[in-house]
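Tertiary structure, described
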Amino acid sequence: MARGRLRIYLGAAPGVGKTYAMLAEGQRLRSRGAEVVVGFVEPHGRRPTAAMAEGLETMARRTLSHRGALFTEMDLDAVLARRPQVALVDELAHSNVPGARNSKRWQDVEELLAAGIDVVTTLNVQHLESLNDVVRQITGVVQRETLPDEVARRADQIELVDLPPEVLRRRMVHGDIYPPDRIESALTHYFRVGNLTALREIALLWLADRVEEGLQRYRAEHGIVAPWETRERILVSLSGGPEGETLIRRAARISTRTPGTELLALHVVPEDGLPGFDPTVLEAQRTLLESLGGSYHQTTGEDVVDALFQFAEAENVTQIVLGASRHGRLASLLRAGVGERAIRGSGPIDVHIVTHEEAAGPAALRLPRPSRGTGPRRYWSALAGAVLLLPVLTLLLTALRGSLGLSSDLVIYLLAVVVVALVGGVCPALFAAVAGALLADYYFTAPVHTLAMERSDEITALVVFVATAVLVGTAAGTAARRTHQAVRATSEARTLSRLAAAMMRGQDLTALAEQIRENFGLRAVSLLERDPEASPVPRWYVVASAGERPPEKPYEADVESPVDDNLVLAARGSGLSTEDRRVLAACAAQLGLAHARERVAGCSGAADAFADAERTRASLLLAAGRDLRAPLHTAEAALVRLRRRGAAVSGPQEAQLLDTARAAVRRAAQLVTDLDDVSRLHAGALALYLRPVDLNEVLGAALDDLGPGGHSIVLRMPERLPDVIADAALLTRALTALGADALRHSPPERPPAFTAEVRAGRVTILVEDGVSDPGPEAGPGASRPPGTRAGSLALRLSRDLTEAMDGTLETTAEGSAFSVMLTLPGSASGGSGTSGGAE
């Protein structure tokens, strides 16, 4: 089944006419023969909107009950069963009432689309998840209902419904948006001209980005590589050199000439051929770029020009700003500079070459740089070897002049060229080939000690030697470079696989950072995170580090590898080649993934803790409500009898009713106090002072707190009982709560009992109801279900207080009988003597 199409009418604020436009589209489709139904529309009392819905088939809503109130939602099952061609569904970001199949309306819409039904809907820009915080900063209003941006991006069509702020405020004054009692407040708060203008600009920019995404998708699908100048995009190439600030400012001046121009900067690693760059300079340039409204990007590539054009094609860049070459004439003769090659291959992209102080002067001469396959050390070693080896061979061959001919001499020189090529690559091999040919001509061809040659066969031999030396040297250098690349690739793969395996084993960030430090031979490594709220001076935090004196700021490091906009891997150490830096960037990306995984795991743990706390809170409130209901009902009944008109209440009866009401209110107040104590205990705000406590004194205090009823409780205690490790005040509270609960549920003729004994170094206190054998004489309290009592607030308070003192509390129910066993650690020294009996 083909998926349905989604059309969204997007507005900057309520009241711009999104619902009206949606209904008008429904009427237009209906007039063309389409089967259109109204799944859900909220006209908000606006007469033009309600009138536009007339004539359209409207599906009946589903009624749901939540917290004692009735709500209506879209009947998703009815719309699916009806299977229209088009469904009109208002307010895409709406949250459904609990009890509905989906929690969000956009999830209902997804089911309609999956069923092949086209959907036309509405959305305000402030409900987009990515813009929620921006809208809050502008308007001061927190939007509780949000929509993932990806849902809106997947829409087949998005149409902006727009009104100027003045027109929207005029509609508000005329009562076309809100009822009269809300107009004044809305005009002075949310619907201020500045707020509406900002929201309108946000909506236009967001929609422009979506149009740009669609254009890029179209160009990619049709293989269009050439840039389309729908919007000017200026790209600055940053090499990390000091000329970067000049290029950024120049590009910013170019961008300001055309409104809507986008400014980008790209740093390619490895860069344009220089030995390296100062990370602090690049960080300063990045800060300058962002302050001018530009965006910084970084990529890796074998060639700077190729990387520039690949990025330019992907981002539809129209202009590129480059710095004048810092290479001298000699280097330019051997290889064209970045600017020259960019101009030749730019095609329709304009290239600006900006002069700067670091550009090479007209007389500057610089040697060509070493090959990336061999490295600077081997390059210069090969050149030095050629300078030393060729004269030595010449002296040796001169001594053997009578034994060897010219062909043998050239073969020996060829061997030297191959050795130089294997060590240093192509350029040293070319130097050795030319130098060997000149030496052979000067010393071994007639006339000797001149560069002139008399015999044609010797001329042919030298030409063939030079050609052979160049070809063999090139092949040997290429083979050496490929071998180096293969070994390098193997080493890189091994490094990355070890790091990935460590991540899979769940090693923490510090261990991963230490592994990176060891792999690259660095002195110290830090994963730094930037506070996105800190402006204009960035504030950095060390997420993980390894080594001695790890850097705490990016500019304190010798090597810096950005992970994203706010995460950087900074390292201290030298000797990293451009290849090493590229692998380090890959390791930094893996470290960033590990950091993100830890953050997600932390959020999950926090969510679980929050859910546990919410469940605890709900159970406490449920227990409190259940326990409060009885005393409040008793107090209410007594007060009703006292206030009942015409009731004949004598003096003693009135006093008795007042005592009953007073006792019930005291009981309710005690329950509120217990609830507060439990909340404070769970929040860690209830201080504990654990020490050896005389249980006899604590029980006496608890019985006194229970009042007259406490003296009826039976105490069964051994003659010698050790002290318990507890907080005396909290233990008194726990025993008081348990005694009061037992008294309430025991018949008067069978009072509860407290039994204390010692078990394996711990002291247990058993609190038993007087309902051991319920019968006809048992009081009404004895019939309360034990399962209900097990969840009471008094028992919850006693259990939490006991567990806070490293004790345990267990309940046992047999029939209607109920008992509680409280266990606490005993003290090794000290004890008291007491005898059992009834108080």
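Bear in mind the structure is a predicted one, so any value in this text is a computation, not a measurement.

**Some points on the side chain of Thr49**
- Assignment of secondary structure puts Thr49 in helix 2 (residues 47–52).
- Since its relative accessible area comes to 8%, Thr49 is described here as buried.

**Notes on the side chain of His595**
- Inspection of the secondary structure puts His595 in helix 20 (residues 578–643).
- Its relative accessible area of 10% is what places His595 among the buried residues.
- At a separation of 3.5 Å, a polar atom in the side chain of His595 contacts the side chain of Glu529.
- Apart from residues lying up to four places away in sequence, His595 is in contact with Leu509, Leu527, Glu529, Val543 and Leu567.

**Some points on the pattern of salt bridges**
- Using the criterion set out here, one finds 23 salt bridges in the structure.
- Residue Arg105 is joined to Glu73 by a salt bridge in which the shortest nitrogen-to-oxygen separation is 3.0 Å. Residue Arg105 is located in helix 4 (residues 105–114), and its partner Glu73 is located in strand 5 (residues 69–73); the two are separated by 32 residues in the primary sequence.
- Arg154 is the salt-bridge partner of Glu110, the closest N and O atoms lying 3.2 Å from each other. Of this pair, Glu110 sits in helix 4 while Arg154 sits in the loop between helix 6 (149–153) and strand 8 (157–161), and the two are 44 residues apart along the sequence.
- Overall, Glu110 belongs to the buried group, its relative accessible area being 19%.
- Residue class for Arg154 comes out partly exposed when judged on its relative accessible area of 41%.
- Residues joined by salt bridges that share partners form a network here, namely Arg3, Glu110 and Arg154.

**Notes on the sheet that holds strand 16 (residues 559–562)**
- Sheet architecture is open: four strands sit in the order 15-14-17-16, paired in antiparallel fashion. Two strands close off the open sheet at either side, each with one partner strand: strand 15 (540–547) and strand 16. Here the average twist between neighbouring strands, direction ignored, is 20°.
- Relative to strand 17 (residues 567–572), strand 16 runs antiparallel, the two sharing four bridges. Each residue of the ladder has a partner; that of Glu560, found in strand 17, is Ala570.
- Of the strands in this sheet, strand 14 (524–530), strand 15 and strand 17 touch helix 19 (residues 509–520), which is tilted by about 60° from strand 15.

**Some details on helix 7 (residues 165–173)**
- Residues of helix 7 that are buried include every one of Pro165, Leu168 and Met172, and no others. Angularly, the buried residues of helix 7 cover 65° about the axis, an arc narrow enough to put them on a single face.
- Of the residues one or two after helix 7, Gly175 is the one with positive phi, at around 80°.

**Some remarks on the confidence of the model for the protein chain**
- Across the protein chain, pLDDT averages 78, with 79% of residues at or above 70.
- Low pLDDT, under 50, characterises residues 360–367; the predicted model gives this stretch 17 contacts beyond four residues in sequence or across chains.
- Contacts for the low-pLDDT stretch residues 773–784, under 50 throughout, to residues beyond four places or in other chains number 15 contacts.

About the criteria used
Residues numbered from 1 in each chain as written. Predicted model: local features only at pLDDT ≥ 70, side-chain atom pairs only at ≥ 80, totals over all residues. Heavy atoms only, no water. Helix = DSSP H or I, 4+ residues; strand = E, 2+ residues; numbered from the N terminus. Buried < 20%, exposed > 50% of the residue type's maximum accessible area, 1.4 Å probe, protein only. Polar contact = N/O pair within 3.5 Å; in protein donor to acceptor, adjacent residues only side chain to side chain. Contact = heavy atoms within 4.5 Å. Salt bridge = Lys/Arg side-chain N within 4 Å of Asp/Glu carboxyl O. Pairing = 2+ DSSP bridges. Axes fitted to C-alpha atoms, helices over the stretch in contact; angles between N-to-C directions. Arc of directions from axis to C-beta. pLDDT = per-residue confidence, 0-100.

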